[in-house]
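Residue-level structure breakdown
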Amino acid sequence: MDLKQLVRNIPDFPKKGIVFRDIMPMLGDPQALRYMVDAMFVHYFGKKIDKVVSAEARGFIFGPAVAYHLGAGFVAVRKPGKLPHKTRQITYDLEYGTDSLTIHEDALEKGDHVLLVDDLLATGGTMAASAKLCESLGAKVIGAGFIIELSFLHGKEKLKPYDVFSLIQYDSE
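We now turn to the structure provided with this report. (Residues numbered from 1 in each chain as written. Predicted model: local features only at pLDDT ≥ 70, side-chain atom pairs only at ≥ 80, totals over all residues. Heavy atoms only, no water.)

**Side note on the overall build of the protein chain**
Counting its secondary structure elements, the protein chain contains 4 helices and 9 strands. Taken from the N to the C terminus, the helices and strands of the protein chain come in the order β-β-α-α-β-α-β-β-β-β-α-β-β. Over its C-alpha atoms the protein chain spans a radius of gyration of 16 Å, differing by no more than 12% from the 16 Å that the globule rule assigns to 173 residues. Overall size of the protein chain, expressed as C-alpha extent along the three principal axes, is 40 × 40 × 30 Å. For the protein chain, with 173 residues in total, the buried portion stands at 46%. Restricting to contacts in the protein chain with at least 6 residues of sequence separation, those with at least 24 account for 58%. A total of about 9000 Å² of accessible surface is found on the protein chain, and carbon and sulfur atoms cover 53% of it. Between the averaged position of the 21 positive side-chain charges in the protein chain and that of its 22 negative side-chain charges there is a distance of 2 Å. (Helix = DSSP H or I, 4+ residues; strand = E, 2+ residues; numbered from the N terminus. Rg over C-alpha atoms; globule rule 2.2 N^0.38 Å. Buried < 20%, exposed > 50% of the residue type's maximum accessible area, 1.4 Å probe, protein only. Contact = heavy atoms within 4.5 Å. Areas by Shrake-Rupley, 256 points an atom, 1.4 Å probe, with all protein chains shown as cover. Lys, Arg positive; Asp, Glu negative; His and termini not counted. Charge placed at Lys NZ, Arg CZ, Asp CG, Glu CD.)

And the structure:
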């Protein structure tokens, strides 16, 4: 299936010079949605995965579906102040500043095998921070799966040595 045909390219969003890759048309197509979830499942099938971890917000679309197919649990990574129980927090660098993510301290057990899932791999900062949060709780990150990878931003480099998988790659803006 040629998923790129279903990606809506929006120039100059959220700021001039950026081409936003909108996945909403893919989500609205039943065959494309099934294909995306199934392809992620097939790539990680047979690997021991106890939990699928996704960061808000679009990761929440794919993470639970992939977890369901893998027979794994789902864990949400959120912005500070969004999780109601005791959390662990990490602050990481962005291109122009910093951001923070949190995870419930009891969301993962020592030795859990984790798959990170999100819609887009750009610079890799969010997923690298999510991996560090998981590892700080004693989990082992197995891989990181994405629908779209902006390979020209080299985000994959921040996710070594994990098994990084993406369905669509863009080599330039």
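Having put the structure on the table, let's press on.
**Observations concerning helix α3 (residues 59-70)**
Between its first and last C-alpha, α3 extends 16 Å over 12 residues, near the 16 Å set by a 1.5 Å rise per residue. Of the positions making up α3, those classed as buried are G59, F62, G63, V66, A67 and L70. What you see down the axis of α3 is that its buried residues fit within an arc of 130 degrees, all on one side. On its buried face, α3 is in contact with α1 (24-28), α2 (30-44), β3 (51-55), β4 (73-77), β7 (113-121) and β8 (140-150). Within two residues after α3, G71 carries a phi angle of roughly 70 degrees, on the positive side. (Expected span 1.5 Å × (residues − 1). Arc of directions from axis to C-beta.)

**What to know about the side chain of S130**
Following the sequence through the fold, S130 ends up in helix α4 (residues 125-136). Of the residues examined, S130 reaches a relative accessible area of 1% and is grouped as buried. Contacts of S130, omitting those with residues within four sequence positions, involve A55, V77, L101 and L116.

**Topic: the pattern of salt bridges**
This structure, assessed with the given rule, holds 10 salt bridges. D99 is the salt-bridge partner of K79, the closest N and O atoms lying 2.6 Å from each other. Highlighted residues: K79 in the loop between β4 and β5 (87-94) and D99 in strand β6 (residues 97-104), separated in sequence by 20 residues. Its salt-bridge partner being R88, residue E105 comes within 3.7 Å of it at the nearest N-O pair. Of this pair, E105 sits in the loop between β6 and β7 while R88 sits in strand β5; the two residues are 17 residues apart in sequence, bridging distant segments of the chain. For R88, a relative accessible area of 28% gives the class partly exposed. It is possible to trace a salt-bridge network through shared partners that takes in K86, R88 and E105. (Salt bridge = Lys/Arg side-chain N within 4 Å of Asp/Glu carboxyl O.)

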